[in-house]
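One-letter residues, chain by chain:
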Amino acid sequence: EQAIKYWWQAINHDVTHHEFVKTVLPKIVQSHTKLKDHDKAMEEAKKLIGIEETPNALYCLGDAQISAELFDEALQTFRRALEIAPTEEEKKTAQDKVKEAEAARKQSKEKNFFRLLQPNMDMFFNQLSLFKLLHLETHSFCFKYQTQL
């Protein structure tokens, strides 16, 4: 959060410096995504696209949409990046992003039982760790007692 504030201070210092803004806004988008503030991440990515619609700007928005589990929107965004990609290398990158979004959409429609059971599994392993700790304390006491005899 602190880094985002510093980046915005730097941007506000000279808003007309579009090249600087185009390099900093993706970092802000990634930071919001990591903080799970998906709405803000997508808002910032749309600002980046408003400056100049480039494949990299669209990748930022698409990645934020995938993080927010908006797979259909991300797919549209990556397809738009594929349309405007000027070089073959960027087209390949956009095709990879399209495939990634399609896979994420397909996976989201399937039930992920491990994800559903994760909270229960975490609780189970925490209880198991507590049991192991109690077990070790008990046996270490017995072991200390035997060595003193």
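Right above here is the structure, for reference.
Below: a short report on this structure. (Residues numbered from 1 in each chain as written. Predicted model: local features only at pLDDT ≥ 70, side-chain atom pairs only at ≥ 80, totals over all residues. Heavy atoms only, no water.)

## A closer look at the pattern of salt bridges
Next up, step 1: Applying the stated criterion across every chain yields a total of twelve salt bridges.
Next up, step 2: With its nearest N and O atoms 3.6 Å apart, the salt bridge here joins glutamate 43 to lysine 40. In this pair, glutamate 43 and lysine 40 are both assigned in helix H3 (residues 38-51), three residues apart and thus about one turn of the helix distant.
Next up, step 3: We classify lysine 40 as partly exposed; its relative accessible area is 30%.
Next up, step 4: Residues aspartate 63 and lysine 97 are paired through a salt bridge, measuring 3.1 Å at the closest nitrogen-oxygen approach. Pair noted here: aspartate 63 is in helix H4 (residues 55-67) and lysine 97 is in helix H6 (residues 88-109), with a separation of 34 residues, a long-range link.
Next up, step 5: The exposure class assigned to lysine 97 is buried, which follows from its relative accessible area of 16%. (Salt bridge = Lys/Arg side-chain N within 4 Å of Asp/Glu carboxyl O. Helix = DSSP H or I, 4+ residues; strand = E, 2+ residues; numbered from the N terminus. Buried < 20%, exposed > 50% of the residue type's maximum accessible area, 1.4 Å probe, protein only.)

## Comments concerning helix H5 (residues 71-84)
Next up, step 1: The end-to-end C-alpha separation of H5 is 20 Å, in line with the 20 Å expected for 14 residues at 1.5 Å each.
Next up, step 2: Of the surrounding elements, those touching the buried residues of H5 are H4 and H6. (Expected span 1.5 Å × (residues − 1). Contact = heavy atoms within 4.5 Å.)

## Description of the environment of alanine 68
Next up, step 1: Here alanine 68 is to be found in the loop between H4 and H5.
Next up, step 2: On the accessibility criterion, alanine 68 (23% relative accessible area) is partly exposed.
Next up, step 3: Linking alanine 68 and threonine 33, residues 35 residues apart in sequence, is a C-alpha distance of 8.3 Å.

## Description of unusual backbone geometry
Next up, step 1: For lysine 36, which is not glycine, the phi dihedral falls at a positive 65°.
Next up, step 2: Within the secondary structure, lysine 36 is located in the loop between helix H2 (18-34) and H3.
Next up, step 3: The backbone phi angle of glutamate 69 is positive, close to 60°, even though this residue is not glycine.
Next up, step 4: Mapped onto the elements of the fold, glutamate 69 is located in the loop between H4 and H5.
Next up, step 5: For glutamate 69, a relative accessible area of 45% puts it in the partly exposed group.

## Here we look at the packing of aromatic side chains
Next up, step 1: Tallying each qualifying case throughout the model produces one aromatic pair.
Next up, step 2: On the numbers, 6.4 Å between centres and 50° between planes, the contact of tyrosine 59 with phenylalanine 78 is tilted. Of this pair, tyrosine 59 sits in helix H4 while phenylalanine 78 sits in helix H5, placing them 19 residues apart in sequence.
Next up, step 3: Over the face of the ring belonging to tyrosine 59 we find lysine 97, whose NZ or CZ atom lies 5.8 Å from the ring centre. (Phe/Tyr/Trp six-rings, centres within 6.5 Å; stacked < 30°, edge-to-face > 60°. Lys NZ or Arg CZ within 6 Å of the ring centre and 35° of its normal.)

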